[in-house]
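# Remarks on the overall topology
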Amino acid sequence: MKLLLDFGNTRMKAACRRNGMLEQLYSGPVSREQLERSLYGLDIEGGMYCTVRDIPDDMAQWLEAHRIVRLEYGIPVPLSMKYRSPQTLGMDRLAAAVGAWAASPGRNLLVIDAGTAITCDFVSADGAYVGGNIAPGVKLRLESLHEHTGRLPLVDAGSGDCPMFGYDTETAIRSGVVNGIRLEIEGIIRKTRESYSSVLVFLTGGDAYFFEMTGKCDIFADADLVMKGLDSILEFNENKTE
């Protein structure tokens, strides 16, 4: 069984493909002990992972022992590359782009990942990774307002009202951050569709639920986009060696 792992800034996810379906096995803190507990009884035979952070030594040793390779610059992927510094590209961004391409090849794709950072990446219909944008995510903006001002409180984005206009300081902060990001995303989608025809939008990441735009056509929420991309890259490389 091939294991797929996505190490984020604060959490990690693990999944595998079983009977043609992607099956989530673990989602939680970066912990070798907890991961092993969730994989008890499974026969792991290699896999792939991507990470945006340094991995603890015990976790790195476990990955090496199970022949789980890291997605990094130089590993072939089923997209051509137009990014001018591919060696600096976050592999989670690339994996999400590949995951979207695997789902909808031959279309212009905009991939929005709402996590610690909010990234927007564009894949052209001819299968080229063109590039993207990086901006602070919800938590970073809330923390920045609190840490870099004298009196503004630290607000929880997910535990209170989020009106169009805040009626007190807490709701003003929450609304400013969440609604501001939502308008950013809507603006990027609009400008992309003005420049390219028939654009499909994929929304993923831990904070994506803040910005799901229900009822709008050609916008798809997919929490497993990075995992699907890792799976596609792994299969792509296995087929090249056969």
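The structure under discussion appears in the preceding block.
These figures come from a predicted structure and were not determined experimentally.

Quick notes on the rules
- All residue numbers refer to position in the chain's written sequence, counted from 1.
- Predicted model: local features are reported for residues with pLDDT of at least 70 only, side-chain atom pairs are reported and counted for 80 or more only, and whole-chain, interface and lining totals are derived from all residues.
- Hydrogens and water are ignored here; the side-chain numbers use all heavy atoms of the structure.
- Throughout, nonpolar core names a set of buried Ala, Val, Leu, Ile, Met, Phe, Trp, Tyr and Cys residues whose side chains join them through atoms within 4.5 Å.
- Whether a residue is buried, partly exposed or exposed follows from its accessible area with a 1.4 Å probe, protein chains only, as a fraction of its type maximum: under 20%, in between, or over 50%, in that order.
- The helix and strand labels rest on DSSP assignments: H or I over at least four residues marks a helix, E over at least two residues marks a strand, and numbering proceeds from the N terminus.
- Any two residues whose heavy atoms approach within 4.5 Å are treated as being in contact.
- Put simply, two rings from Phe, Tyr or Trp (the six-membered ring, in Trp's case) pair if the centres are within 6.5 Å, and we call them stacked under 30 degrees between planes, edge-to-face over 60, tilted for the rest.

### Digging into the nonpolar core
In terms of nonpolar packing, the biggest core is built from 28 residues, with Leu 71, Leu 79, Leu 109, Val 123 and Leu 230 touching the most fellow members. Counting only elements with at least two residues in this core, the list comes to β4 (47-51), α3 (91-103), β7 (108-114), β10 (199-204) and α6 (225-241). With eight residues, α3 is the largest single contributor of residues to this core. In contact with Leu 109, other than residues within four places in its own chain, are Ala 100, Trp 101, Ser 104, Asp 121, Phe 122, Val 123, Val 199, Leu 200 and Phe 202. In terms of nonpolar packing, the next biggest core, distinct from the first, is built from 22 residues, Ala 114, Leu 142, Val 201 and Phe 210 among them.

### A word on the packing of aromatic side chains
According to the stated counting rule, one finds four aromatic pairs in the structure shown. A centroid spacing of 5.7 Å and a plane angle of 85° characterise the contact between Phe 7 and Tyr 49, whose relative ring orientation is edge-to-face. Residue Phe 7 is located in strand β1 (residues 3-7), and its partner Tyr 49 is located in strand β4; the two are separated by 42 residues in the primary sequence. Across the pair, Tyr 49 and Phe 7 agree in class, each one buried. For the ring pair Phe 122 and Tyr 196, a centre distance of 4.3 Å and an interplane angle of 35° mean the geometry is tilted. Taken together, the positions of Phe 122 in strand β8 (residues 117-123) and Tyr 196 in the loop between α5 (169-195) and β10 put the pair 74 residues apart, joining distant regions of the chain. Classification of Tyr 196 as partly exposed rests on a relative accessible area of 35%.

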